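Here's the letter readout for the chains.
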Amino acid sequence: MRRHRLLWLNSDIYSSGSSREESARAVTRISRLLHDTEQQVEDARHLSDRLASIRQTCTSSDRAVRVTVDISGRLVDLQLNDAVTYINPTVLASTILSCIKEAHESARERASILASEVWGEDSDLTHRMRQAYRQPAESAEDKHEGGASRRDDYVPGMIIGPTRSPRPPRTR
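Everything quoted here is computed from the prediction, not taken from an experiment.

Draft legend 1. How the structure looks around the pairing of strand β1 (residues 55-59). The alternating pattern of β1 places Gln56 and Cys58 on a buried face and Arg55, Thr57 and Thr59 on a face that is not buried. Where β1 lies against strand β2 (residues 65-70), five bridges are found, and the strand directions are antiparallel. Directly across from Gln56, in β2, lies its bridge partner Val69. Counting the residues that bridge the hairpin from β1 to β2 gives five residues, and of these Arg63 lies at a positive phi of roughly 65°.

Have a look at this one:
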């Protein structure tokens, strides 16, 4: 189909009265533009596949927690070792959330590098992609006393896993 379009363009250029050399240069430029555009579309498809496959893992400094997230920061895997049974639940929750945040930041950095490799560092497309995967800004309602984010702190009563109902006292 591309060949037919070029022949049609070629015949229009020749019929306009232009010289054969100018027409040949115009056809060459148009062919180059079509090729470059097709290459950009293919690069975008390849980048999309690579972005979809991004997974980043973060392990806590004590190696008790290991999380894996995708490019959107969604938790894909959570591994806890036996040491978590000795960790305060507040500390454990905070550690898990910190690991998720750090892994998501790494995933966004990888996405940014991939985009700049395909489109260039200063490309509008690279900037748009960075905006799409940026860390959401915290609103005033996400903050509580001390300026800490509610998203990053353990909330008392938060369920972190299977819990048991309190047993009624035994009566004899």
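Draft legend 2. Inspection of helix α2 (residues 20-52) at higher detail. Along its 33 residues, α2 runs 48 Å from first to last C-alpha, staying within 8% of the 48 Å computed at 1.5 Å per residue. Of the residues making up α2, those classed as buried are Ser23, Ala26, Val27, Leu47 and Leu51.

Draft legend 3. Summary view of a nonpolar patch on the surface. Taken together, the side chains of Leu75, Leu78 and Leu80 define a hydrophobic patch exposed on the protein surface, amounting to about 240 Å² of accessible area. Take Leu78: it is sitting in strand β3 (residues 75-80).

Draft legend 4. Representation of the packing of α2 against helix α3 (residues 89-119) within the structure. Where α2 contacts α3, the axes come no closer than 10 Å and their chain directions differ by 170°. Classed by the angle they form, the pair α2 and α3 counts as roughly antiparallel. Seen from α2, the contacting residues are Asp43, Ala44, Leu47, Arg50 and Leu51; seen from α3, they are Ala111, Leu114, Ala115, Glu117, Val118 and Trp119.

Draft legend 5. Structural detail: the sheet that holds β1. Within the open sheet, the three strands sit side by side as β1-β2-β3. Their pairing is antiparallel. Looking along the sheet, the strands with just one partner apiece sit at the ends: β1 and β3. Neighbouring strand axes in the sheet, compared pairwise and without regard to direction, differ in orientation by 10° on average. Along the sheet, α3 makes contact with β1, β2 and β3, crossing β2 at roughly 40°.

Definitions and limits used
Residues numbered from 1 in each chain as written. Predicted model: local features only at pLDDT ≥ 70, side-chain atom pairs only at ≥ 80, totals over all residues. Heavy atoms only, no water. Buried < 20%, exposed > 50% of the residue type's maximum accessible area, 1.4 Å probe, protein only. Helix = DSSP H or I, 4+ residues; strand = E, 2+ residues; numbered from the N terminus. Pairing = 2+ DSSP bridges. Expected span 1.5 Å × (residues − 1). Patch = residues over 30% accessible without salt bridge, like charges linked within 9 Å, V, L, I, M, F, W, Y side chains within 5 Å. Areas by Shrake-Rupley, 256 points an atom, 1.4 Å probe, with all protein chains shown as cover. Salt bridge = Lys/Arg side-chain N within 4 Å of Asp/Glu carboxyl O. Axes fitted to C-alpha atoms, helices over the stretch in contact; angles between N-to-C directions. Parallel < 35°, antiparallel > 145°, perpendicular 65-115°, else oblique. Contact = heavy atoms within 4.5 Å.

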